Each structure stands twice: as C-alpha cells, then as structure tokens.
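# Structural characterization, general
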Amino acid sequence: MRNLLKFEIRRVRESKAVYIAIAIGAMLSLWLLVIELREVHEVEEGIALYGLEKAGLYYPRSLYNSFIGLEYAYLPSTILYTVFPLLVSFPYAVSYFSDQKSGYLKNILTACDKKQYFKAKYIAVFLSGVFVTFAILMFSLVLSAMFFPALKPELTTSTFTPQSEAQMWTGLYVAHPLVYTLLYILIDTIFYGLISTLPLLIGLIAQNRVTVICVPVLLYVMSDYVLNAAGLDRFSPMAFLRPCQIFVEAEFVIIVCEAVMLFLLTAGTFGLSGGRKDVL
C-alpha cells in the first residue's frame, strides 16, 4: 500500500495538468487583482478631485474583501467557484480511466493487490484535488496581502461579506478575519478534494474521457440550479463553498454532512465496485 501510494503521488507531482490547473486559478487571481487595483485608483482620483467628504462611507480596500474567496462583485471569483470542480478533476482524477483504457492498469495489477491499488488511487486523487485547491486559494490570499492591508472588516460600509449574523461564523470574520479565511480555505480544500474523486465513479462506467471530466462539473452546476429553484440553496456546494457567502447563509452542519456523504459515496462505491471489477 505504501509503495503504491508513493508511486501514485509521484505521478501527481509529475503531471503537467496539475500545474496547468493551478496556473488557470492563478491567472483568475491576477485578473481580479488588476480589476481591484484599477478600482482603487479610480476611487483615489475621485477623492483627489472632490474631497473625502464626497466619497460617502469610504473605507480602504482590505485583504478581507480582496481575496478571491471573499470578493463577490467581479467575474473572476464567480468563474473560479464555478469551474473549481473541473480544475481539481481534470489533472489526475481521470488517470484511472486512462490507465484502464490504455491497458496500463492490467500491468499494475499483475504486481499488486487490487484492493490496495484502489485505495492508493483514491487517496492520490483526493490529495491532487486538495493540492490544486489549496495552491490556488493560498496564491490569491498571498497575492492580495502583497497589495492590500489586513484591515478588519467594517460591515457598515457594505463592502465586506458575510454581513448577517445568520451567516456562518460572521462574528469570527469580524473579530478574527484571518482565522475565518484560513478555516474557510480548509473547508474548500477538503470539499473540492472530495469532489475531485467523483470522476473515479464516472470512470467505472464511462466510455470516453470527456464524460469523465465534464460530468462532475455539470452535476455541480445543475445541482445548484435545482436546489435554488426548490428554495434549498443552503444545500448547494456551489453556494456554501464561497467564503463570502454572498448567495447563501452557510451552515457548518450541512457542509460536514454533505462532505461525509460525498466521501461515503465516492470511497465506498469506487472501493467496492472497483475492487470487484475484473480488469485483467
């Protein structure tokens, strides 16, 4: 098991697609930074021309509304949290399907126990999703910290979210915003890591690579639409995984329950179905 896991993790490290996914997330973060810096420049020009009294409830832009997870008004953050399942899935989650179709899986299983292989594959895919998510979000956080001060959120300016006491950890966000941000990054990292294992299930029955890559993100987007239409948006991962909680009042219990259900679904089905499947 240990040697198999080392082998799979080495394949993750050597996968160019992993770094392409991180680069896409980094470009979205840079795009957002450019927008934010331009906005700051325009505000400063307005203050210089008309005075601070014309700026209304002016509050300098902070790290805690510039980080891509806490920013809610511009396109890059929306794009990132829409395509996150794709970014965490395509680099390595499709490897099982590829190994199976190419015949490489047969060569591996002649030298190791089938159940141990499926366990190692699942863990490696989960870790690849964790790595991609963590790298993208931490890059954005560090990038924002380089340009904006870590001013505490001032909710009366209406430029910080979450704002309502009904939203998850709002008190923590106001009092200790960095702790809130890091905890939410941890939530996203684990949840998107679990989402990255969905292609393993699709790969058990799919006939082409495109299906394996696209089905998870389609399920993610479609479930958000259906749950919103049914008035159950608090159950939508696409909504509650955004740290700004702009579309939903996130609930920690729901997040944990859905993460456990996702783990049981993916690990249980892949382990049982994959372990019984005849690939030799």
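Structure report, in brief. Keep in mind it's a predicted model, so treat the numbers as computed, not measured. (Residues numbered from 1 in each chain as written. Predicted model: local features only at pLDDT ≥ 70, side-chain atom pairs only at ≥ 80, totals over all residues. Heavy atoms only, no water.)

Bringing the overall build of the protein chain into the picture now. Looking only at helices and strands, the protein chain features 12 helices and zero strands. Counted from the first residue to the last, the protein chain has its helices and strands arranged as α-α-α-α-α-α-α-α-α-α-α-α. Summarising its shape, the C-alpha atoms of the protein chain cover approximately 75 × 35 × 30 Å along the three principal directions. Burial analysis of the protein chain (280 residues in total) assigns 46% to the buried set. For the protein chain, the computed accessible surface area is about 13700 Å², with 68% contributed by carbon and sulfur atoms. Here the protein chain holds 21 positive side-chain charges and 20 negative ones, and the gap between their average locations is 18 Å. (Helix = DSSP H or I, 4+ residues; strand = E, 2+ residues; numbered from the N terminus. Buried < 20%, exposed > 50% of the residue type's maximum accessible area, 1.4 Å probe, protein only. Areas by Shrake-Rupley, 256 points an atom, 1.4 Å probe, with all protein chains shown as cover. Lys, Arg positive; Asp, Glu negative; His and termini not counted. Charge placed at Lys NZ, Arg CZ, Asp CG, Glu CD.)

Going from T161 to P162, the amide bond is cis rather than trans, its omega being 5°. Tracing the backbone shows P162 in the loop between α6 (114-147) and α7 (170-175). A positive phi angle, near 60°, is found at S158, a position not held by glycine. Structurally, S158 can be placed in the loop between α6 and α7. The phi angle at W169 is positive, at roughly 60°, despite the residue not being glycine. Checked against the element boundaries, W169 lands in the loop between α6 and α7.

Among the structural elements, T189 can be located in helix α8 (residues 177-195). A sequence separation of 118 residues divides T189 from E71, and the C-alpha atoms of the two residues are 18 Å apart. In contact with T189, not counting residues within four places along its chain, are V130, T133 and F134. (Contact = heavy atoms within 4.5 Å.)

Attention shifts here to the environment of D113. Take D113: it is sitting in the loop between α5 (104-109) and α6. Counting along the chain gives 147 residues from D113 to V260, while the straight-line C-alpha distance between them is 27 Å.

Together, F252, V256, V260, F263 and L264 line one region of the surface with nonpolar side chains, adding up to about 440 Å² of accessible area. Judged by relative accessible area, L264 falls into the exposed class, the value being 55%. (Patch = residues over 30% accessible without salt bridge, like charges linked within 9 Å, V, L, I, M, F, W, Y side chains within 5 Å. Salt bridge = Lys/Arg side-chain N within 4 Å of Asp/Glu carboxyl O.)

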